[in-house]
Amino acid sequence: MTKELPSLEGPVCALPKSHKDRIVIGHGSGGKMTADLIRDIFYPPLSNPALLAGNDAGVVQLADGSMLAISTDAHVVSPLFFPGGDIGKLAICGTVNDVAMVGAKPLYLTASFILEEGLELSILESVVQSMKSSAEEAGVEIISGDTKVVAHGEADGLYISTTGVGELNPGLKIGGAEAKPGDLVIISGTIGEHGIAVLEARGELGFESNLESDTAPLNHLVAAMLTASKNIHVLRDPTRGGVATALNEISRQSGVGIILEEDSLPILPAVAAACEMLGFDPLYIANEGKLLAIVSQEDVENVLAVMRKTRYGENAAVIGVVEGSPQGRVLLKTVLGSTRIVDVLAGEMLPRIC
Ligand code: MG
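First, a word on what this report is: a plain description of the structure on this page. Here the structure is a predicted model, which means the values were calculated and not measured.

Thresholds, definitions, all that
Residues numbered from 1 in each chain as written. Predicted model: local features only at pLDDT ≥ 70, side-chain atom pairs only at ≥ 80, totals over all residues. Heavy atoms only, no water. Pairing = 2+ DSSP bridges. Helix = DSSP H or I, 4+ residues; strand = E, 2+ residues; numbered from the N terminus. Axes fitted to C-alpha atoms, helices over the stretch in contact; angles between N-to-C directions. Contact = heavy atoms within 4.5 Å. Salt bridge = Lys/Arg side-chain N within 4 Å of Asp/Glu carboxyl O. Buried < 20%, exposed > 50% of the residue type's maximum accessible area, 1.4 Å probe, protein only.

Once that is clear, we can look at the sheet that holds strand 1 (residues 58-61). Taken together, the five strands give an open sheet; going across it, the order is 1-2-7-5-6, and neighbouring strands pair in mixed fashion. Looking at the sheet topology across the chains shown, the edges are occupied by strand 1 and strand 6 (141-150). Neighbour-to-neighbour, the strand axes of this sheet turn through a mean angle of 15°, independent of strand direction. Bridge analysis of strand 5 (residues 105-116) against strand 7 (residues 158-168) gives 10 bridges, and the strand direction is antiparallel. If you follow Phe113 over to strand 7, its bridge partner there is Ile160. The sheet strands contacting helix 4 (residues 121-138) are strand 5, strand 6 and strand 7, and the helix crosses strand 7 at an angle near 15°.

Here it is as C-alpha cells:
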C-alpha cells in the first residue's frame, strides 16, 4: 500500500525550507538575521518611538516628567554553569547592563523561569543563590517572578527571562544614534572571554584555556563614567555578535563610519589562541561584562581615568574613532597596515551562548 503524499505546489527541492519561511538557529545570533527578524516581524505591528530607537533598553517619559528605562532578556545558555558564571548570574547582569546602557540606574528586576520536568532542585537553588549575589552587587531587587514547568524533553533544564527597570536623568541622551564624527570609541576591557569560556564548558574547545566568562554588572561602572563626562554619546554592551556587531549597529543608527585600530584591541593571549585554532575572529565573540562607549574626544582622558579605577574597567582602552564616512560601516586598520571591512555576523557562530 502506498502512502499518500501531500500535494506540493511548484518544484520539489531536497534542500530545507529557507530561513524566510521558518526560524533557524541563525535568527538567534544577534547579527544580521536577528536584525532582519526584528525589522520584518516585530517592528511593523508593534512600532512605537521607544521600540524603534533600537537601543538596549526602551526609554519612556512619565506624566510627571521622570524617565524610565525598561529592558528584557531571555537566557538559554548551555551549559547552565560555566567558568566565571552561570545562567542566574547572566540573567541578572544581562538585564542590569541593558538598562545601564542608556545611562539609567537599574532599580528593580522581574524574573520568569521555564523549568523542565526532572530538573534537580539543588541546581535551581544554586542558580537562585547566584541571582541573589549578582543582584546584591548591582544594587537591584527582584520584585516579581513567575515559574512554569514543561514536560521532560520540552526544554533544556532551565531558561530564565528577566526584565529590568531603571530611572534615567531626563538631561541624558545616550543611544546608538548619538555617535558623532570626531568621537572616540572606548572598550572597557579585554574581549571574547565569555564566548570562549562557554565553548570550553561545553567541551568544544579541544584544549584547556583556563579562561573565565567576564559576566558582570556594569551599572556602577556606568555611574562612575557619567560623573566624568556629560559627553558620553553611546553606551552598548557587545554581547551576542561581539564588538563587530555592536559597532555596526551604532554606525548604521548614527550614519557614521567607525574605524578600529587592530593593535589597540585588548585581547587575552588565551582568547587569541582559541580564536586562531577555531578560525574565529575575537571581534565577533560574545562578552557579558564589557561595554563600548563613544565619547567626545576632549572628555576621553577623564572617562578613561575614572573607568580604570573601577573593578570592571581597569583595562579600558581607546580602540577607534568615529568618522563622517563610510556611513554605516566599520573598518579595521590591521597591524599589517591594510584596512578591511568589519561586517555584521551573517549567521550563527556560537548558539546558546547567553
Ligand atoms: Mg545589550
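What the rule picks out here adds up to 17 salt bridges. Two residues, Glu136 and Lys132, come together in a salt bridge whose shortest N-O distance is 3.2 Å. With a gap of four residues between them, Glu136 and Lys132 both fall in helix 4, about one helical turn apart. Among the salt bridges present, the one from Asp343 reaches Arg252, with a minimum N-O distance of 3.8 Å. In this pair, Asp343 is assigned in the segment after strand 14 (339-341) and Arg252 in helix 7 (residues 242-254), connecting sequence segments 91 residues apart. Asp343 sits in the partly exposed class, given a relative accessible area of 34%. A network of salt bridges, in which partner residues are shared, links Lys32, Asp36, Arg39 and Asp40.

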